[in-house]
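# Observations on chain architecture
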Amino acid sequence: MDNVYLFPQLRYELITESVPHFLFISGVFLHILADTLGSVGVIISAILMHYFGWMIVDPLCSMLIAILIMLR
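Quick caveat: nothing in here was measured; it's all calculated off a predicted structure.

### Remarks on the packing of aromatic side chains
Under the counting rule described, the total for this entry stands at one aromatic pair. Consider the rings of Phe 52 and Trp 54, whose centres lie 5.1 Å apart with planes at 25°: the pair is stacked. Judged by relative accessible area, which is 53%, Phe 52 ranks as exposed. For Trp 54, a relative accessible area of 45% gives the class partly exposed.

Structure below.
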């Protein structure tokens, strides 16, 4: 089992043999979706803070991103 850390390809093959392909695709999709939503949230909160002075948006966006990270 120590060879798993020495040879990343062996580790990948061990993981992919036990998990169906569609789970990898859905996991990747959810990961990218959460990252995108987090980035969009930061951009929107920056715009709201700049133009309207709504400083409460920054901590709310931070909490939303933290929740997205916890759900991953």
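### Topic: a nonpolar patch on the surface
A surface patch of nonpolar side chains, about 920 Å² in accessible area, is lined by Ile 43, Ile 47, Tyr 51, Phe 52, Trp 54, Ile 56, Leu 60 and Met 63. Mapped onto the nonpolar patch, the elements with two or more residues apiece are helix H3 (21–52) and helix H4 (57–71). With four residues, the top contributor of residues to the nonpolar patch is H3. Positionally, Tyr 51 belongs in helix H3.

### A look at the side chain of Ser 45
Locating Ser 45 in the fold gives a position in helix H3. Owing to a relative accessible area of 4%, Ser 45 belongs among the buried residues under this scheme. At a separation of 2.9 Å, a polar atom in the side chain of Ser 45 contacts the main-chain carbonyl oxygen of Val 42. Apart from residues lying up to four places away in sequence, Ser 45 is in contact with Val 57 and Cys 61.

### Focus on the environment of Ile 47
Structurally, Ile 47 can be placed in helix H3. Given a relative accessible area of 43%, Ile 47 falls into the partly exposed group. Distance in space between the C-alpha atoms of Ile 47 and Val 57 is 9.9 Å, their sequence separation being 10 residues.

Cut-off values and rules
- Residues numbered from 1 in each chain as written.
- Predicted model: local features only at pLDDT ≥ 70, side-chain atom pairs only at ≥ 80, totals over all residues.
- Heavy atoms only, no water.
- Phe/Tyr/Trp six-rings, centres within 6.5 Å; stacked < 30°, edge-to-face > 60°.
- Buried < 20%, exposed > 50% of the residue type's maximum accessible area, 1.4 Å probe, protein only.
- Patch = residues over 30% accessible without salt bridge, like charges linked within 9 Å, V, L, I, M, F, W, Y side chains within 5 Å.
- Areas by Shrake-Rupley, 256 points an atom, 1.4 Å probe, with all protein chains shown as cover.
- Salt bridge = Lys/Arg side-chain N within 4 Å of Asp/Glu carboxyl O.
- Helix = DSSP H or I, 4+ residues; strand = E, 2+ residues; numbered from the N terminus.
- Polar contact = N/O pair within 3.5 Å; in protein donor to acceptor, adjacent residues only side chain to side chain.
- Contact = heavy atoms within 4.5 Å.

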